[in-house]
Amino acid sequence: MKDLLNRYGLLLTTVFAVLTGFWILVLVVLPNIYLFEHSFKPYLPVAELGGPKDVYSLDNYLTFFRSPIHISVFFWTVIYSAVVTFICFLIAYPLAYYLSKVSARALLPMIFLLLFIPLWVSEVLRSFAWFIILALKGPLNASLLGLGIIEDPVRWITGFRGVIIGLVYTYVLFMLFPLYNAIQSLDTNQIEAAEDLGAPWWRTHWRVILPHAKPGIASGSVMVFMLSAGSILVPTLLASTNSRWFTEIIQQWMFESQDWNTGSAYAFLLLILCTVFVSAVMRVFRVKLSDIAK
Amino acid sequence: MSAGVDLDNVCADFGTFRAVDNVAVNIQPGEFFSFLGPSGCGKTTILRMISGFISPSQGVIRIGGKDMKGQRPNQRPTALIFQNLALFPLMPVWENIAFGLEVRGVDKQKRRARAEELLHLVDLPDAADKAVAQLSGGQKQRVAIARALAVEPQVMLLDEPLSALDLKLRQHMRAELRAIQKRTGVTFIYITHDQGEALAMSDRVGVMSQGKLQQVANPRDIYNNPANGFVASFVGENNIFTGEVQGTEGNLARFATASGTFTARLGPAVTQGMKARLFLRPEHVRLAPGAGGTNSIPVEVTDVAFEGNFISIHARDAGGQVLLAEARNDGATAVPAPGDRLHFTFDGQNAVILTGDTAARDIDA
Ligand SMILES: Nc1ncnc2c1ncn2[C@@H]1O[C@H](COP(=O)(O)OP(=O)(O)OP(=O)(O)O)[C@@H](O)[C@H]1O
Ligand SMILES: [Mg+2]
């Protein structure tokens, strides 16, 4: 704060502080409080608002637990978000290791630029691009057929496959950067020491590099998991008829049934249950919250 | 078990820069061999070539007579102690030490027992379950040694392992390292830019400069019979006179300098008529009230420093060159005072005429 004062003077600093405060309060905190409050209220015709039926209850939350379909959708959303997280890890770990310990320093800015450029394109467009790429008569099948790798076109967008591909593509960088930072901070001599003591490459990774990268893996995983479970665009665009994402149900409540109250309850349930799930997983892997914050 | 290491005209290139230039030396099994040289002369590069992290651009490295070409570090019978030790901070001390055994599939109980045994060897018996971060510098040092010894290497490679320690501990660890080497009989290849360390610990020392091996000899010969100006000036203190070789008789020669003409020993490859330098160790200078013998320089004492076991005397000759003498503090020598006019005299056998550049001295060398 003192730094800011020195650099920008009193007026500008005040303007910054007020604007940031406004943004956080009015655009983030207040809407959430509003939704939170309403998630406990029944969905009533306007005439009955404020009437005897307009009391706080857990009914909206219980709706979820009374609906086996919604529970199952939630279950699969969590499972497939975990799958997405794991695939992101499988892709990002070797890449992060390569970038931080193997590749030539001079190439790094170039590689990072290439990784970043797709982020400049809106998520809608990127997901839609995948919709085209993965289409039955799309370019992916065409090239695979052309190369003779497959004989018949593959139906990519079936079950959760399209959603998984889309989510991995959209969020893999959120895994890559924490991993890159974590591995980057490992003293290269430790990797060499392990090899010098006779360790094959996989044991060096297992005993030295992975344990060191654990906080990075954890924060990357939390981000990818939460973003995936909360994603609405990708599932909307890339889901097939037999795959539903939990966010789509929230959307249905809010926009199709116009029942914002139950929708909010579902949204908070998603947040709470995912947080519980993440905490449980972190406990299993013995990761502390303070590790991630580092 | 220990193995010898042969370097056969080994070179290392980084781009167009030659970091190690035609180094040839045969290190014997069980020997304590030191590479001594200033910062950046290629010592670490040699060690990394022996352990297998870089391959030589030319030449052959043999360990125990076997060509190491194409062998990865995890296939070589060497263990490297890194300049920064590179202990694994997330493992307790005993797992650090037992890591090499874990890799070799030794079961946990045996690993633990062996780790405790090695902790005894390095005199750190109660540290098995401590975290690395809990140890002091000297203790970490010992753990690193134990970790390297655990894999029973035939050759231990040590990259300035004592440089991070304070003076007292450094001197203690010197003796300790030497003792461990004697006890285990493993070949030690030790890297340092500290001449005291190299001379005190080694069976033989290889002095390096700019990637080239300047001289390989036992510590005594390195100090007493340096092969060239670099070795003479890098190891120990000197009075240096620039001049020209005039007449030679036997192993002595007459050498004309700005401070007078002296008689001194001819170094290797120095011949009549050559421009060269005369090197005279301060401890070989005698102080005399009057001129005496062939080698005598009239000087005025400028400074006298009492160093405890010896007295260091700075003086200036007629030409203004600063000269240094050391007198033992044995009570027999009269200690001069600043301003005294004396003669520095020396025996021609104790001064040597050498060619080659002199070393730019490190601050801490
Ligand atoms: N990977 C590398 N790429 C380019 N040049 C290098 C590399 N490694 C070392 N060098 C250069 O090679 C020379 C020798 O380096 P080396 O690390 O062997 O020196 P050293 O004798 O161990 O020095 P110090 O006592 O400072 O550790 C140095 O000039 C260094 O800049
Ligand atoms: Mg070095």
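Up top is the structure.
Figured I'd write up the structure that's included with this text. (Residues numbered from 1 in each chain as written. Chains lettered and ligands numbered in written order. Predicted model: local features only at pLDDT ≥ 70, side-chain atom pairs only at ≥ 80, totals over all residues. Heavy atoms only, no water.)

Observations concerning the overall build of chain B
The criterion, for reference: Each helix is a run of H or I in the DSSP string that is no shorter than four residues. Each strand is a run of E no shorter than two, and both are numbered from the N terminus. Any two residues whose heavy atoms approach within 4.5 Å at even a single point are treated as in contact. Methods summary: accessible areas were calculated by the Shrake-Rupley approach with a probe of 1.4 Å, and residue burial reflects only the protein chains presented. Under the counting rule used here, the positive set is Lys and Arg, the negative set is Asp and Glu, and His together with the chain ends is not counted. Where a charge lies is defined by one atom per residue type, namely NZ (Lys), CZ (Arg), CG (Asp) and CD (Glu).
What chain B contains, in helices and strands, is eight helices and 20 strands. In terms of its C-alpha atoms, chain B occupies a principal-axis envelope of roughly 75 × 45 × 35 Å. Nonlocal contacts in chain B, meaning residues at least 24 apart in sequence, comprise 66% of its contacts between residues at least 6 apart. Accessible surface for chain B amounts to roughly 16100 Å². Of this, 48% is attributable to carbon and sulfur atoms. The centroid of the 37 positive side-chain charges in chain B is displaced by 5 Å from the centroid of its 38 negative side-chain charges.

Comments concerning the interface of chain B and chain A
The cut-off we apply is this: The term buried area denotes the loss of accessible surface (1.4 Å probe radius) that occurs when two parts are joined, taken as the sum for both partners. Salt bridges are counted wherever a side-chain nitrogen of Lys or Arg sits within 4 Å of a carboxyl oxygen of Asp or Glu. Side-chain atoms alone can form a polar contact between residues adjacent in sequence; in general such a contact is a pair of N or O atoms within 3.5 Å, and within protein one must be able to donate a hydrogen while the other accepts it. Each residue receives one of three labels: charged for Asp, Glu, Lys and Arg, nonpolar for Ala, Val, Leu, Ile, Met, Phe, Trp, Tyr, Cys and Pro, and polar for the others, Gly being one of them.
Contacts between the two partners involve 26 residues from chain B, matched on the other side by 17 residues from chain A. At the boundary of chain B with chain A, total buried surface from both sides reaches about 1900 Å², with 54% on carbon and sulfur atoms. Among the residues chain B hides against chain A, the three largest losses belong to Asn74(B), Phe99(B) and Val103(B). Together they make up 26% of the total. Our count for the contact surface shared by chain B and chain A stands at five salt bridges. Ionic pairing is found between Arg207(A) and Glu102(B), a salt bridge with its closest N-O pair at 2.6 Å. Connecting chain B to chain A are eleven residue pairs in polar contact (both at pLDDT 80 or more). Those elements that provide at least two residues to the side of chain B that touches chain A are helix 1 (43-51), strand 6 (78-81), helix 2 (93-103) and helix 4 (137-150) of chain B. Looking at the side of chain B that touches chain A, the element that brings in the most residues is helix 2 of chain B, giving five residues. Here the side of chain B that touches chain A is built from residues that sort into 15 nonpolar, five polar and six charged.

A closer look at helix 1 of chain B
One turn of an α-helix holds 3.6 residues; hence residues three or four places apart share an orientation. This is how it is decided: Throughout this description, buried means an accessible area under 20% of the type-specific maximum (1.4 Å probe, protein chains only), exposed means over 50%, and partly exposed covers the range between.
Buried residues dominate helix 1 of chain B, accounting for seven of its nine residues. When we look at burial in helix 1 of chain B, the residues that qualify are Lys43(B), Thr45(B), Ile46(B), Leu47(B), Met49(B), Ile50(B) and Ser51(B).

Remarks on the pattern of salt bridges
Taken as a whole and assessed by the stated rule, the structure comprises 22 salt bridges over all chains. Between Arg18(B) and Asp13(B) there is a salt bridge, with the nearest N and O atoms lying 2.8 Å from each other. By relative accessible area, Arg18(B) is classed as partly exposed at 29%. Residues joined by salt bridges that share partners form a network here, namely Arg203(A), Arg207(A), Glu95(B) and Glu102(B).

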